[in-house]
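Structural characterization, general
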Amino acid sequence: MGEMDTLKKEADGLKTQIEAARKAVNDTTMAAVASGVAAAPRVQLKNRKTLKGHLAKIYGLHWSADNRHMVSASQDGKLLIWDTYTGNKVYAVPLKSSWVMSCSMAPSGNLVASGGLDNMCTIVNIKAASPKTLRELDAHEGYLSHSRFLSDTEILTASGDTTCCLWDLETGKQKVIYKSHVGDCMCLAVSPDQNSFISGACDSSAKLWDVRDGGCKQTFIGHTSDINAIAFFPSGTAVITGSDDCTLKMYDLRADQEVNGYQDAALNAGVTSVSLSSSGRLIFAGYDNFNCNIWDSLKAEKVGVLSGHDNRVSCIGVPDDGLGICTGSWDSFLKIWN
Amino acid sequence: MEDLDLPQMKREVESLQYQLAISREKSSITVTELVKWIEGCVCDDPFLNPELMRANPWVEKGKCVIL
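None of these values were measured; they are calculated from a predicted model.

Let us now look at helix α2 (residues 27–41) of chain B. Residue and element names in this part refer to chain B. If you check α2, its first and last C-alpha atoms are 21 Å apart, about what 15 residues at 1.5 Å a residue would give, namely 21 Å. Among all positions in α2, only Ser27, Thr30, Val31, Leu34, Val35 and Ile38 are buried. Taken down its axis, α2 places every buried residue within 130° of arc, on the same side.

Looking now at the interface of chain B and chain A. By convention, interface size is frequently given as the accessible area that disappears when the constituent parts associate. On the chain A side, the residues contacting the 47 residues of chain B number 68 residues. For the pairing of chain B and chain A, the buried interface totals around 4900 Å² over both sides, and the portion due to carbon and sulfur atoms is 68%. The three residues of chain B that bury the most area against chain A are Arg24(B), Phe47(B) and Trp58(B), which together make up 19% of that side's buried surface. Linking chain B with chain A are four salt bridges. One salt bridge connects Lys10(B) with Glu3(A), and the closest N-O pair in it is separated by 3.5 Å. Connecting chain B to chain A are 16 residue pairs in polar contact (both at pLDDT 80 or more). Of all the secondary structure elements, the ones that give two or more residues to the side of chain B that touches chain A are α1 (6–20) and α2 of chain B. Top element by residues in the side of chain B that touches chain A is α2(B). It accounts for 13 residues. Counted by class, the side of chain B that touches chain A contains 26 nonpolar, nine polar and twelve charged residues.

Bringing the packing of aromatic side chains into the picture now. All names here are of chain A. The full count for this structure, using the stated rule, is nine aromatic pairs over all chains. Between Tyr59 and Trp330, the ring centres sit 5.8 Å apart and the planes meet at 40°, which makes this aromatic pair tilted. A residue pair is termed long-range when its members are at least 10 positions apart, and Tyr59 in strand β2 (residues 58–63) and Trp330 in the loop between β27 (325–329) and β28 (334–337) qualify at 271 residues. The ring of Phe333 has Lys52 sitting right over it, with the charged end atom 5.6 Å from the ring centre. The cationic tip of Lys57 hangs over the ring face of Trp330; the distance from NZ or CZ to the ring centre is 3.9 Å.

Attention now moves to α1(B). Spanning 15 residues, α1(B) covers 21 Å between terminal C-alpha atoms, matching the ideal 21 Å at 1.5 Å per step. Here α1(B) has its buried residues at Met9(B), Glu12(B), Val13(B), Ser15(B), Leu16(B) and Gln19(B). Across the axial projection of α1(B), the buried residues extend over an arc of 165°, all falling on one side. Where α1(B) is buried, its residues meet α1 (2–25), β16 (206–210) and β17 (216–220) of chain A.

Reading guide: rules and limits
- Residues numbered from 1 in each chain as written.
- Chains lettered and ligands numbered in written order.
- Predicted model: local features only at pLDDT ≥ 70, side-chain atom pairs only at ≥ 80, totals over all residues.
- Heavy atoms only, no water.
- Helix = DSSP H or I, 4+ residues; strand = E, 2+ residues; numbered from the N terminus.
- Expected span 1.5 Å × (residues − 1).
- Buried < 20%, exposed > 50% of the residue type's maximum accessible area, 1.4 Å probe, protein only.
- Arc of directions from axis to C-beta.
- Contact = heavy atoms within 4.5 Å.
- Buried area = accessible area lost by both parts, 1.4 Å probe.
- Salt bridge = Lys/Arg side-chain N within 4 Å of Asp/Glu carboxyl O.
- Polar contact = N/O pair within 3.5 Å; in protein donor to acceptor, adjacent residues only side chain to side chain.
- Nonpolar A, V, L, I, M, F, W, Y, C, P; charged D, E, K, R; others polar.
- Phe/Tyr/Trp six-rings, centres within 6.5 Å; stacked < 30°, edge-to-face > 60°.
- Lys NZ or Arg CZ within 6 Å of the ring centre and 35° of its normal.

Following this line, the structure appears as structure tokens:
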């Protein structure tokens, strides 16, 4: 018991020192720096396409690097790969377990991954003669909440077992395990240079990890509930988090702290998903209240709303070319807006 | 949230020591540079530069399509 107490005291002491170090470099505010910046215009987007085909709640979507195709996952037990320009479904991948919580597509467009309450991440080759399961990554002890490919040979996963993991797809084995969160990991985002990634968890913290050595480099606190969504700024120097506490936060990686917050007293719905426009000036956030709010990332003001879904917006994404935004909902539809 | 056991607690302390040791830059520099970076990219952002949205892949080009 004695050693545990000593360690706990040491941990608390270190956390206090970290907060002091953060305060020491906090010599300005985003509001002050952005005061000279012109406000972003009101953003009014039209629903250009509605992709219909899923028969149950949609839990995940991910754009292809080709800016045209997209994969979506629904608890109807299917992954659908869409040609969003025509609205056609290109492939349908039946899932062994319908309790899917996330999906992703490899940058090459050859592979898709999905997983959920089966605790596994299933990798499927969609370019084979008929979609073929390549691997079942089976070592997490909790649900699979999120995944992102680094390439056709490596994938990162986040799990309800509080860990994240880097897998080697050639062997199907875990390469690196990222352990530090004390709550379910709900989301992850990879840095533009792929050397680090950030995870958000039910312990209300976001952690920045070195992909290769598994070390937690920084921990960002401030949220008061589960972090459901996370995204890197295109510069790679800041991240945006969205939480069940109904707010979004911007954390500056170089100053190691929160520099902006996005909340509205009238907003009483948790944030489920987040994505950024190509410059990072606009934040698109999906909420439990069926809407998606558009925020000016610098001024922290709401500049638009996307309404049209009849149920929670569960996932959201902007393709790499930044030409539009797709929202996915529990109402079973995907909508493309610009 | 489960309580950590002894080895986990030791790892947590090590991790915190590592996290404390990182170099932090002044926010007056980092935030200023972030704002500059974003502002610099706005002209290439289709949501903020209507010119770029002209080539809209999800909008019908002509009025009617001959099938």
